[in-house]
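Chain residues, written in single-letter form:
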Amino acid sequence: MPADTSTTSTIVLVGHGMVGQRFLEALAERGLTATHRVVVLCEEPRPAYDRVQLTSYFSGRTPEDLSLTDLAFIEEHGIELHLGDPAESVDREARTVTARSGLVVGYDVLVLATGSYPFVPPVPNKDAEGCFVYRTIEDLLAIEEYARRSTTGAVVGGGLLGLEAAGALKGLGLTSHIVEFAPRLMPVQVDEGGGAALLRTIEEMGLTVHTGVGTQEIVVGEDGAVTGMKLSDGSELATDLVVFSAGVRPRDQLARDCGLTVGERGGITVDEQCRTVTDPHVFAIGECALAADGRVYGLVAPGYEQAETAAAAIAGDASAFTGADLSTKLKLLGVDVASFGDAHGAAEDCLDVVYSDSRAGLYKKLVIGRDGRLRGGILVGDAEAYGTLKAFTGSVPPVSPESLVLPAGAGAPVQLGPSALPDDAIICSCNNVRKGTIREAVTEHRCTTVPEVKKCTKAGTTCGSCVKVLGQLINAELEASGVEVDKGLCACFSQTREELYEIVLALRITSHRELLDRYGREEARGGDGCEVCKPTVGSIVASLAPAIGASTYVLDGEQAALQDTNDHFLANLQRNGSYSVVPRIPGGEIAPEKLIVIGEIARDFGLYTKITGGQRIDMFGARVEQLPSIWARLVDAGFESGHAYGKSLRTVKSCVGQTWCRYGVQDSVRMAIDLELRYRGLRSPHKLKSAVSGCQRECAEAQSKDFGVIATANGWNLYVGGNGGATPRHADLLAQDLSDAELIRLIDRFLMFYIRTADRLERTSTWLERVPGGLDHVRDVVVHDSLGICDELESLMAAHVSHYRDEWAETINDPEKLARFVSFVNAPDTPDPVVAFVPERDQIKPDLPLLSIGLRPADDVLEGSAQR
Amino acid sequence: MTLALETTTGLTVQLRLADDWFEVCGLDRLIPGRGVAALLPDGRQAAVFTDRAGRLYAIDNRDPFTGAAVLSRGLTGTHQGRPFVASPLLKQRFDLETGRCLDDDTVQVRTYEVKAA
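Cut-offs and rules
- Along each chain, residues carry numbers from 1 onward, in the same order as the chain's sequence is written.
- Chains and ligands are labelled sequentially in the order written, the chains with letters from A and the ligands with numbers from 1.
- For a predicted model such as this one, the threshold for reporting local features is a pLDDT of at least 70, and the threshold for listing and counting side-chain atom pairs is 80 or more; totals across whole chains, interfaces and linings nevertheless cover every residue.
- Remark: hydrogens and water are excluded; side-chain values derive from all non-hydrogen atoms of the structure.
- Per the convention used, a helix needs a DSSP run of H or I reaching at least four residues, while a strand needs a run of E reaching at least two, with both numbered from the N terminus.
- Put simply, the radius of gyration uses C-alpha atoms, and a globule should come to 2.2 Å times the residue count raised to 0.38.
- Residue burial is assigned from relative accessible area. The probe radius is 1.4 Å, only protein chains are included, and a residue is buried under 20% of its type maximum, exposed over 50%, and partly exposed in between.
- Contacts are assigned to residue pairs that have any heavy atoms within 4.5 Å of one another.
- Accessible areas in this description were obtained via Shrake-Rupley with a 1.4 Å probe; residue shielding takes into account the shown protein chains only.
- Neither His nor the chain termini are counted; the positive set is Lys and Arg, and the negative set is Asp and Glu.
- The atoms used to mark charge sites are NZ of Lys, CZ of Arg, CG of Asp and CD of Glu.
- Strand pairing is defined by DSSP finding a minimum of two bridges between the two strands.
- UniProt positions are given in the numbering used here, feature names are shortened, and annotations may be inferred rather than shown by experiment.
- Reported domain spans reflect what an automatic or database domain assignment gives.
- Throughout, an axis means a line fitted to C-alpha atoms (over the contacting stretch in the case of helices), and angles, computed between N-to-C directions, take values from 0 to 180 degrees.
- An angle below 35 degrees is read as roughly parallel, one above 145 as roughly antiparallel, one from 65 to 115 as roughly perpendicular, and any other as oblique.
- Note on residue classes: Ala, Val, Leu, Ile, Met, Phe, Trp, Tyr, Cys and Pro are nonpolar, Asp, Glu, Lys and Arg are charged, and everything else, Gly too, is polar.
- Any two cysteine sulfur atoms within 2.5 Å of one another count as a disulfide.
- Buried area is calculated as the accessible area (1.4 Å probe) missing from two parts once they are joined, with the contributions of both summed.
- Salt bridges, as used here, are contacts in which a Lys or Arg side-chain nitrogen is within 4 Å of a carboxyl oxygen on Asp or Glu.
- Residues adjacent in sequence count toward polar contacts only when both atoms are side-chain atoms; beyond that, a polar contact is any pair of N or O atoms within 3.5 Å, and within protein one must be able to donate a hydrogen and the other to accept it.
- Aromatic pairs are defined between Phe, Tyr and Trp rings, using the six-membered ring for Trp, whenever the two ring centres lie within 6.5 Å; interplanar angles under 30 degrees are classed as stacked, those over 60 as edge-to-face, and all others as tilted.

- If you check an unreviewed UniProt entry, chain B appears there as Nitrite/sulfite reductase small subunit from Streptomyces gancidicus BKS 13-15.

Here you go:
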């Protein structure tokens, strides 16, 4: 191809990783995409994605979820993005870049963002079949594929990525080993004490750690595939798969080949504007660049800053990259690890404040200068205070350092809120967003929620570790600016659903009327409540019934009047006023005899039948007075209510699992039935759906459920907060490799905590996104019992389980309740004439002529319906 | 519940149709906050309610937004001191005394005079 000869000047970007994408955004923000031709050469087959979150692929995020590239952005700015076509050579004389495909592009400015490559120690057989690195989505796909025929995996390198890789292998069902040459895990980030706390927690998860040993040789079998590794202490470790994660090296070959200066230990040498010291037309940013302070930065935040700097320099604006903070906060295998500032106390005259509880896997160290300034620190096991502490680095904290590291409950834990921070404190270090900017987003740009502020400032959009602080800042700012946010449930109650739950539980109030008269808004007391608070209170009372001494039957006494129509008639109201009926079919397993009963009932009552998405059968078109006779036959045949009408547990889907499927590793059907029977009838803020898959193939689609269970070779993985519907959300992994008892205990706690704290009609997916601290907080509460409420949550669930009664069996044996199941109070035997049906595809469908032609001839009084 | 029962013995709920009072049911069939449907001689349907103070209300049972005869199955409440019922289908609220839809000014349902006697 000929070199480009157009007259507009051209910017060529080599590499489309996270830093490359940020560079493109910075160009667009500065208007450079409008004045320049921008060409991007990308080696990987997909555009920029979130490499920081790479491992989350194994907990269900798809490559699409990880993508950072909005193709509309690329298109809108006329960026020419060439995927799978890496740059192969640069001719600096002619100012051209040649790509693998033969494409030659002329440039006025060349920006190298080639990133880094994984370092693989030069041991024999390092390239054997079964050896991998951990860097790209393609690497992960290959590991996942190979792991299917492996039982053991070893990771070389106990750093950050190494631990993630080991966790991922374990998640894939392998016995996992970590081999680290240094005497402790994460040697760069943590000190000896932190390493010990980390080691204990990691080993408790069932990973085997070998520290202080090097890898000498990869052992291969006759077929050339990995069978083990020889270690420097003379021992041999049997393994089917090896992942090298022993650090990265700047990818500077392209620069070397065209004569650009590189550092002694690699990295393209650049000045403070990120311009190469050799050629003013060439820039280098990100992990391939050796910055002006003599360091190569392997973190994304400094890379972003370099991207901004280079874009500014190209635009002719003043900007400089002189060095960056290496603070990190990570969630490794569920363990918080954070280090910030001068974490190792390298400066002279530093004093350490250390709190260590290795039994609980906690280690916290603060480095304080003689002058009282906070210089840095390390947090392992609990990094709650990270955001605040990091922002205070370099200043004297307003409270004593000890009080900042002591755990809640020991002594006087100090809650140092983010409101104490100065305006120029950096809240989001990935995107370099200061507290002042976040405050302005609220005060100037009228943002009122975390998602709005994220969009406005980019804070919290990369690693997410600052989102909690973000939420606190927004609320503080809203309150300070006098914005009255009425968080009340409805016009009758100024409390949230969560607050009402606490009142009901603490004071054992079983009546909506009493609650309204004592705790309602002044003007609502003595009234009848409304269609929002009545079902909400009804649901709270039903969830807590055994614990507060209320009836566990939702049609008892005042409770009956609180229920939405579906719960009142224990069936689902359909558009023409008829109801549908769904008996429970636990786990979707049903014997032929019972199938026949359902068929006979549907035939005898002329009902329309359809298989539901939850593996059961829905019968439509029942008139209200038919419900008791339909249910009398269903109950007689051994069916019970499916609660399809309730804000309660719907179904627990399952695949056939180990019993029949050649891939299954656990009995998913039995577990699904157990779960469905355990949680049936549990009233909650919204409906609850669940599923159990018998292997990683996930045929039951558990990751789209409120709580989903996937079998592993060692037990069960529990996912929470998934959703299908209009706003699909992949569930998050809450815990791995649980035994049956551990699984059920954890679900008990999770559901009860959700019921306790969620808003009305808030599914677990939105709840998980909304609660401060998100998944981490929920995990702290239900796994680590950080609030000390797990015993209570478990006993509330135990009470529900032991008091469960089938509502329909109860109802058909109660003549007073049955009397309500009539179309007309004054003509109990007359069916509602509005409910009519016409045939369709061998079944019935509602006849709905009502709005167009009206039904009753006597309808001459104008009722003013606009719909007529 | 007890409120309603105390006042009910022997009393019936009656709707005014033209010049006559039409007997619907015993007062004890009404639960505060819930309605019942009555079939009227001309084929219309009425939805009859009582609130916690024992006041009675009756409106047309037909939900004008869907055409289904379901208003008696909605939940009642108090909005700015006035009684209403929310349709169980699409949740529009209707003032129980005037029949006016609180969520759409152009829509109104018929009301009936009602008494316990």
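Picking up after the structure, the text goes on.
Observations concerning the overall build of chain A
Part 1: Secondary structure summary: chain A contains 29 helices and 38 strands in total.
Part 2: The C-alpha atoms of chain A give a radius of gyration of 31 Å, which matches the 29 Å a tight globule of 868 residues would have.
Part 3: Across its three principal axes, chain A shows a C-alpha extent of roughly 95 × 70 × 65 Å.
Part 4: Within the span of chain A, comprising 868 residues, buried residues form 54% of the whole.
Part 5: If you take every contact in chain A between residues at least 6 apart in sequence, the share linking residues at least 24 apart comes to 61%.
Part 6: For chain A, the accessible surface area stands at approximately 36000 Å², while carbon and sulfur atoms represent 50% of it.
Part 7: Taking the 83 positively charged and 120 negatively charged side chains of chain A as two groups, their mean positions are separated by 2 Å.

Observations regarding the sheet that holds strand β5 (residues 56-60) of chain B
Part 1: Strand order in the open sheet formed by 4 strands is β3-β4-β5-β9 (chain B), and the pairing between neighbours is antiparallel. On the outer flanks of this sheet lie β3 (35-39) and β9 (111-112) of chain B, each paired with one strand and no other.

Remarks on the UniProt feature "domain: Rieske" (unreviewed entry) in chain B
Part 1: UniProt records the feature "domain: Rieske" (unreviewed entry) at residues 22-117 of chain B, using the numbering of this structure.
Part 2: Helix and strand shares over residues 22-117 of chain B are 0% and 41% respectively, and the end C-alpha atoms of the span are 11 Å apart.

Thoughts on the domain arrangement of chain A
Where interface size is given, it is often the accessible area lost as the parts come together that is meant.
Part 1: If you check the domain split of chain A, you get domain 1 (10-117 + 250-315), domain 2 (131-246), domain 3 (325-416), domain 4 (418-485), domain 5 (497-554) and domain 6 (647-805).
Part 2: Between the C-alpha centres of domain 4 of chain A and domain 5 of chain A the distance comes to 35 Å.

What about the packing of helix α17 (residues 533-548) of chain A against helix α26 (residues 790-803) of chain A?
All names here are of chain A.
Part 1: Packing of α17 against α26 brings their axes to within 8 Å, and their N-to-C directions diverge by 90°. Here α17 is positioned roughly perpendicular relative to α26, judged by the angle of their axes. Residue-level inspection shows L544, P546 and A547 of α17 in contact with α26, the latter providing L796, A799, H800 and H803.
Part 2: Counted by class, the contact of α17 with α26 contains 5 nonpolar, 2 polar and no charged residues.

Side note on the state of the cysteines
Residue and element names in this part refer to chain A.
Part 1: Across all of its chains, the model carries 0 disulfides over all chains by this definition.
Part 2: The structure places no disulfide on C42, whose sulfur is separated from the nearest cysteine sulfur, that of C288, by 14 Å.
Part 3: According to the relative accessible area criterion, C42 is buried, its value standing at 2%.
Part 4: Summary of cysteine pairing: C258 is not part of a disulfide, and the nearest cysteine sulfur, belonging to C288, is at 12 Å.

A short note on the interface of chain A and chain B
Part 1: Each partner contributes residues to the interface: chain A has 49 residues there, and chain B has 44 residues.
Part 2: For the pair chain A and chain B, the two sides together bury roughly 3900 Å², of which 52% comes from carbon and sulfur.
Part 3: A salt bridge links R52 of chain B to D517 of chain A, with the nearest nitrogen and oxygen atoms 2.6 Å apart.
Part 4: Those elements that place two or more of their residues in the side of chain A that touches chain B are α16 (512-519), α17, α18 (557-562), α19 (565-569) and α29 (850-853) of chain A.
Part 5: Of the residues in the side of chain A that touches chain B, the class split is 20 nonpolar, 15 polar and 14 charged.

Overview of unusual backbone geometry
Part 1: The phi dihedral of N125 of chain A falls on the positive side, at around 65°, and the residue is not glycine.
Part 2: With respect to the helices, strands and loops of the structure, N125 of chain A is situated in the loop between β8 (116-118) and β9 (131-133).

Regarding the pattern of salt bridges
Part 1: All told, the structure shown has 60 salt bridges over all chains when counted by the stated rule.
Part 2: For E502 of chain A, the salt bridge identified is with R756 of chain A, shortest N-O distance 2.8 Å. Of this pair, E502 of chain A sits in helix α15 (residues 497-507) while R756 of chain A is found in helix α23 (residues 740-757), placing the two residues 254 residues apart along the sequence.
Part 3: Residue E502 of chain A is classed as partly exposed on the basis of its relative accessible area, which comes to 31%.
Part 4: One salt bridge connects D95 of chain B with R82 of chain B, and the closest N-O pair in it is separated by 2.6 Å. Residue D95 of chain B is located in strand β8 (residues 93-95), and its partner R82 of chain B is located in strand β7 (residues 82-86); the two are separated by 13 residues in the primary sequence.
Part 5: R82 of chain B gets classed as partly exposed once you look at its relative accessible area, which sits at 35%.
Part 6: Ionic contacts of the salt-bridge type, sharing partners, join the residues R22, E25, E29, E308 and K458 of chain A into one network.

Quick notes on the side chain of D50 of chain A
All names here are of chain A.
Part 1: Examined against the element boundaries, D50 turns out to sit in the loop between β2 (37-41) and α3 (63-66).
Part 2: There is no salt bridge for the buried D50, and the closest opposite charge comes from R61, which lies 4.9 Å off by N-O distance.
Part 3: Those residues within four positions of D50 in sequence are excluded, and the remaining contacts are M18, L66, L68 and T462.

Observations concerning the sheet that holds strand β1 (residues 12-17) of chain B
All names here are of chain B.
Part 1: Taken together, the 3 strands give an open sheet; going across it, the order is β2-β1-β10, and neighbouring strands pair in antiparallel fashion. Looking at the sheet topology across the chains shown, the edges are occupied by β2 (20-26) and β10 (114-116). Looking at each pair of strands side by side, their axes are set apart by 30° on average, direction ignored.
Part 2: Where β1 and β10 come together, 3 bridges link them in antiparallel fashion. In the strand pairing of β10, L15 is matched with V114.

Observations regarding the environment of R251 of chain A
All names here are of chain A.
Part 1: Its location among the elements puts R251 in the loop between β17 (248-250) and α8 (253-257).
Part 2: Taking the C-alpha atoms as reference points, R251 and E222, 29 residues apart in sequence, are found 34 Å from one another.
Part 3: Not counting chain neighbours up to four residues away, the residues in contact with R251 comprise E43, T114, G115, S116, Y117 and C288.

Quick look at the side chain of R52 of chain B
Part 1: Checked against the element boundaries, R52 of chain B lands in the loop between β4 (45-50) and β5.
Part 2: In this structure the side chain of R52 of chain B is engaged in a polar contact, spanning 2.8 Å, whose partner is the backbone oxygen of G527 of chain A.

Quick look at the packing of aromatic side chains
Residues and elements named next belong to chain A.
Part 1: Within this structure, the stated rule accounts for 14 aromatic pairs over all chains.
Part 2: Their ring planes at 10° and their centres at 5.3 Å tell us that W631 and W808 sit as a pair that is stacked. Within this pair, whereas W631 is found in helix α21 (residues 627-636), its partner W808 is found in helix α27 (residues 807-812), the two being separated by 177 residues in sequence.
Part 3: By relative accessible area, W808 is classed as buried at 0%.

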